Amino acid sequence: MENSKIERALLSVSDKTGLDKFAKGLVAQNVQLISTGGTCRYLKELGLPVTEISDYTGAPELFDGRVKTLHPKVHGGLLQRRDLPEHQQQAKDNNIPTIDLVCVNLYPFEETIAKDGVTLAEAIEKIDIGGPSMLRSAAKNYASVTVVSDPADYDTVLEEMENHSGSTTLKTREKLAVKVFMRTSGYDTAISNYLGHRAEESTRNNFSLSLPFSQALRYGDNPHQPSVLYGNFDSIFTQLQGKELSYTNVLDLDAAASLIMNFRRPTVAILKHTNPCGVGQDDEDLVEAWKRAYQTDTQAPFGGVIVMNRPMTEALARIVGAIFTDVIIAPDYEPEARAILQKKKNCRIMKIDMEAWKEFCKLPMVRTAPGGIMTMKRDDMAQGLDNLEAKVVTKRVPTADELEAMRFAWRVCKQVHSNAIVFTDKNGTLGIGAGQMSRVDSAKIAVWKAEQAGLTLKGSVIASDGMFPFADGLQTAIDAGATACIQPGGSIRDEEVIAAADAAGIAMVFTGARHFLH
């Protein structure tokens with residue numbers, strides 16, 4: 001049916017945001033209201049005429065409200081087809097009037113299980129049964145029934161009713177129905193995943209994922225590859241200006257956040273193709289941190305990504321504003337910095353909510369695989385840095401400055417693609433070698449990058465994301481001037497590598513943790 005005048009509406013919501021205006025709008029258009037429990041009391045307190053669900057069905061609410069809308073008069077009112085005479089006759093014979101609009105949002109199951117210390121019993125009680133049932137019945141019959149599951153749609157429905165003599169358009173009803181099935185799918189997914197995580201065998205048998213549409217991306221890896229982003233991206237990143245995001249921009253945002261969240265001091269990092277090209281930190285000044293990051297590779301910022309863990313300052317904005325960059329990320333921006341960066345019309349200026357990012361990191365990473373997907377716990381924080389002094393494997397013990405530099409280098413190295421070699425001092429990177437087939441090649445590239453930048457590696461620290469399978473990679477670093485090394489250890493040739501370190505008089509620690517990044 002193209003248009004269906006709304007004469008009767010059933011309202012049952014846990015989130016009452018905007019409900020007062022919506023319900024009053026319905027009453028103003030002579031719609032009869034039916035409601036349940038707390039929603040009914042709320043509407044009565046507003047002075048609106050409303051019929052309690054038990055009075056409407058003639059059946060009491062049972063079992064502490066677990067059963068109240070599971071009744072033929074409710075679902076028959078929603079599911080009966082208005083265009084079939086036999087349906088209309090059955091409705092008449094059984095005294096089942098039509099219900100033309102359903103407004104339901106579900107028990108807050110997701111919010112409940114997100115709370116610390118929530119019990120299984122508390123979670124179970126927040127599994128909605130009647131709500132999803134009504135939503136699905138109404139959505140199935142969207143040809144005649146308007147179904148509203150999101151307060152953001154209240155105004156649209158009222159406006160359509162005003163413009164279409166009390167009815168909504170078929171296009172809108174279809175759109176709202178799709179939204180319902182997305183919501184109920186996501187709701188069921190949250191329940192199944194929660195219960196599944198409590199029983200390890202269940203999580204091995206099934207994994208469900210349902211995410212809302214977020215935005216169409218500019219393109220994928222290449223312009224001929226369309227790309228779409230799903231999920232709650234906007235709850236973590238806010239785009240303040242610039243071109244629309246592409247698939248690779250989103251990957252860069254992920255890599256930049258994964259890196260910067262590992263540092264506590266004011267830190268600036270420059271990335272290219274998800275690899276760190278330079279990272280610097282300072283006790284107070286972001287500009288000093290920037291200088292230490294920039295010195296590693298002065299070409300990398302051009303068309304690259306700049307990220308920091310402090311609000312962008314005016315002083316730093318004046319520097320980076322003069323460079324062609326693709327993306328800038330900060331937790332906030334000083335007003336003067338925003339004014340400067342607004343001149344970079346095409347640069348994507350992004351704001352990151354760091355607390356939201358931390359919550360996001362609790363979720364597993366998901367990646368497509370032939371015939372399905374793989375999941376993995378996110379490698380969000382550098383591992384193996386606890387009690388580093390006790391993990392020394394060489395005759396020489398590292399100095400306090402070397403230990404500090406080791407911790408810094410290890411946090412950077414975690415985000416460099418394997419095989420990864422990183423030279424640093426305690427405040428900034430000096431040379432980075434990424435993604436090579438052999439570790440010695442990565443070491444040679446890191447040395448070459450430092451030479452190209454005019455930086456000395458004498459007295460530097462080297463970090464390796466994986467063990468040294470031979471002493472040659474470490475020897476390359478020693479020859480370049482490194483005096484300390486941090487690596488996972490675990491090679492069958494560890495003794496050979498340690499012997500090379502001892503022969504050169506350098507200090508080395510084994511973290512016992514590896515940070516491969518593929």
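Just so you know, these numbers come straight off a predicted model, no measurement behind them.

Asker: If you had to explain the overall build of the protein chain to someone new, which residues and values would you point to?
Answerer: Within the protein chain, the secondary structure is distributed over 20 helices and 22 strands. In terms of overall dimensions, the protein chain is more spread out than a globule: its C-alpha atoms have a radius of gyration of 30 Å, far above the 24 Å expected for 518 residues. When the backbone C-alpha atoms are referred to their principal axes, the protein chain occupies close to 95 × 55 × 45 Å. Every one of the 518 residues in the protein chain was classed for burial, and the buried ones make up 49%. As presented, the protein chain carries roughly 24900 Å² of accessible surface, and 51% of it is formed by carbon and sulfur atoms. Looking at charge distribution, the protein chain has the averaged site of its 57 positive side-chain charges lying 2 Å from that of its 65 negative ones.

Asker: So what's going on with the packing of helix H4 (residues 72-79) against helix H8 (residues 130-140)? Residues and values would help.
Answerer: Viewed as axis vectors pointing N to C, H4 and H8 meet at an angle of 25°, and their least axial separation amounts to 8 Å. As summarised for this structure, H4 and H8 are arranged roughly parallel, according to the angle between their axes. Here Val74, His75, Leu78 and Leu79 of H4 lie close against H8, whose contacting residues are Ser133, Met134, Ser137, Ala138 and Lys140. Tallied by class, residues from the contact of H4 with H8 come to five nonpolar, three polar and one charged.

Asker: Provide a residue-level description of the environment of aspartate 100, including the pertinent values.
Answerer: Checked against the element boundaries, aspartate 100 lands in the loop between helix H5 (85-93) and strand S5 (101-105). Under the relative-accessibility criterion, aspartate 100 is labelled buried at 3%. Along the sequence, aspartate 100 and serine 167 sit 67 residues apart, while their C-alpha atoms lie 9.2 Å from each other. Here aspartate 100 is in contact with Lys5, Ile6, Glu7, Arg8, Arg82, Ser144, Val145 and Thr146, once residues within four sequence places are set aside. Reaching out from aspartate 100, the side chain makes a polar contact with the side chain of arginine 82 at a distance of 3.0 Å.

Asker: I'd like a rundown of the packing of helix H1 (residues 19-28) against helix H9 (residues 154-163), residues and numbers included.
Answerer: With their axes 10 Å apart at the nearest point, H1 and H9 run at an angle of 15° to one another. Taken as axis vectors, H1 and H9 run roughly parallel relative to one another. Read as a crossing pair, H1 and H9 show a hand that is left-handed. When H1 is examined against H9, the residues Leu19, Lys21, Phe22, Gly25 and Leu26 are found in contact with a partner set consisting of Tyr154, Asp155, Val157, Leu158 and Met161.

Asker: Tell me what's going on with the layout of surface pockets, and back it up with residues and numbers.
Answerer: In this structure, the second largest pocket spans a volume of roughly 570 Å³. Taken together, 28 residues make up the lining of the second largest pocket; nearest its centre are Gly65, Lys68, Tyr107, Glu125 and Asp128. Counting only elements with at least two residues in the lining of the second largest pocket, the list comes to strand S2 (8-13), helix H2 (37-45), S5, helix H7 (120-125) and H8. Among the elements that make up the lining of the second largest pocket, the one with the highest residue count is H2 (four residues). Looking at side-chain class alone, the lining of the second largest pocket contains nine nonpolar, eleven polar and eight charged residues.

Asker: Describe the sheet that holds strand S3 (residues 32-35), naming the residues involved and giving the relevant values.
Answerer: Ordered in space as S4-S3-S2-S5-S6, the five strands form an open sheet in which the pairing is parallel. If you trace the sheet from one side to the other, it starts and ends with strand S4 (51-52) and strand S6 (146-148), each paired once. Judged from the four bridges that link them, S2 and S3 form a sheet pairing that is parallel. Looking across to S3, one finds that alanine 9 is bridged to leucine 33. Packed onto the sheet, H2 meets S2, S3 and S4 and runs at close to 140° relative to S3.

Asker: Tell me about the side chain of arginine 173, and please be specific about residues and values.
Answerer: Mapped onto the fold, arginine 173 is located in helix H10 (residues 170-198). Exposure remark for arginine 173: the relative accessible area of 0% places this residue in the buried category. Polar contacts involving the side chain of arginine 173 include one to the main-chain carbonyl oxygen of tyrosine 142, which spans 2.9 Å.

Asker: Could you give an account of helix H13 (residues 286-294), naming the residues involved and the relevant values?
Answerer: For H13, the complete set of buried residues consists of Leu286, Val287, Ala289, Trp290 and Ala293. Buried residues of H13, seen end-on, are gathered within an arc of 155° and therefore sit on one face of the element. Looking at the packing, one finds that the buried side of H13 touches strand S11 (267-272), strand S12 (275-281), strand S13 (305-308) and helix H14 (314-320).

Asker: Account for H1, naming residues and giving values.
Answerer: Within H1, burial applies to Leu19, Phe22, Ala23, Gly25 and Leu26. Buried positions in H1, seen along its axis, are confined to an arc of 160° and lie on one side of it. Looking at H1, the residues exposed on the side facing more than 90 degrees away from the buried face are Lys21 and Ala28. Those residues of H1 hidden inside the fold are in contact with S2, S3, H2, S5, S6 and H9. Just downstream of H1, asparagine 30 is the residue with a positive phi angle, here 65°.

Rules and cut-offs
Counting restarts for each chain, with residues numbered from 1 along the sequence as it is written. Restriction of local features to residues with pLDDT of at least 70 applies here, the model being predicted, together with a cutoff of 80 or more for giving and counting side-chain atom pairs; totals for whole chains, interfaces and linings are based on all residues. Note that water and hydrogens are dropped before the side-chain values are worked out from all heavy atoms of the structure. A run of H or I in DSSP becomes a helix once it reaches four residues, and a run of E becomes a strand once it reaches two; helices and strands are each numbered from the N terminus. To get the radius of gyration, use the C-alpha atoms; to get the globule rule, take the number of residues to the power 0.38 and multiply by 2.2 Å. Here the term buried applies to any residue with accessible area under 20% of the maximum for its type, exposed to any over 50%, and partly exposed to those in between, with areas from a 1.4 Å probe on protein chains only. All accessibility values rest on the Shrake-Rupley procedure with a 1.4 Å probe; residue burial counts only the protein chains present in the view. The charge count treats Lys and Arg as positive and Asp and Glu as negative. His and the chain ends do not count. Charge positions come from single atoms, namely NZ of Lys, CZ of Arg, CG of Asp or CD of Glu. The angle between two axes is taken between their N-to-C directions and runs from 0 to 180 degrees, where each axis is a line fitted to C-alpha atoms and a helix contributes only its stretch in contact. Every angle not falling under 35 degrees, over 145, or within 65 to 115 is termed oblique; those three ranges are roughly parallel, roughly antiparallel and roughly perpendicular. The contact criterion used throughout is that any non-hydrogen atoms of two residues lie within 4.5 Å. Three classes are used, and their members are as follows: Ala, Val, Leu, Ile, Met, Phe, Trp, Tyr, Cys and Pro are nonpolar, Asp, Glu, Lys and Arg are charged, and the others, Gly among them, are polar. What qualifies as a polar contact is a pair of N or O atoms within 3.5 Å, subject to a donor-acceptor requirement within protein and to the restriction that residues adjacent in sequence count only when both atoms come from side chains. Throughout, a crossing is termed right-handed when the near helix is turned clockwise from the far one, and left-handed when it is turned anticlockwise from it by less than a right angle. Cavity means a closed set of points on a 1 Å grid over the protein atoms alone, one where a 1.4 Å probe fits but cannot get out, pocket means an open set with protein on both sides within 12 Å along at least 5 of 7 lines, and lining means a residue has an atom within 4 Å of a point. Grid points are joined across faces, edges and corners, and a volume is the space filled by probe spheres set on the points. Whether two strands pair comes down to DSSP finding at least two bridges between them. What the arc measures is the spread of directions leading from the helix axis to the C-beta atoms.

That is the geometry; function is a separate question.
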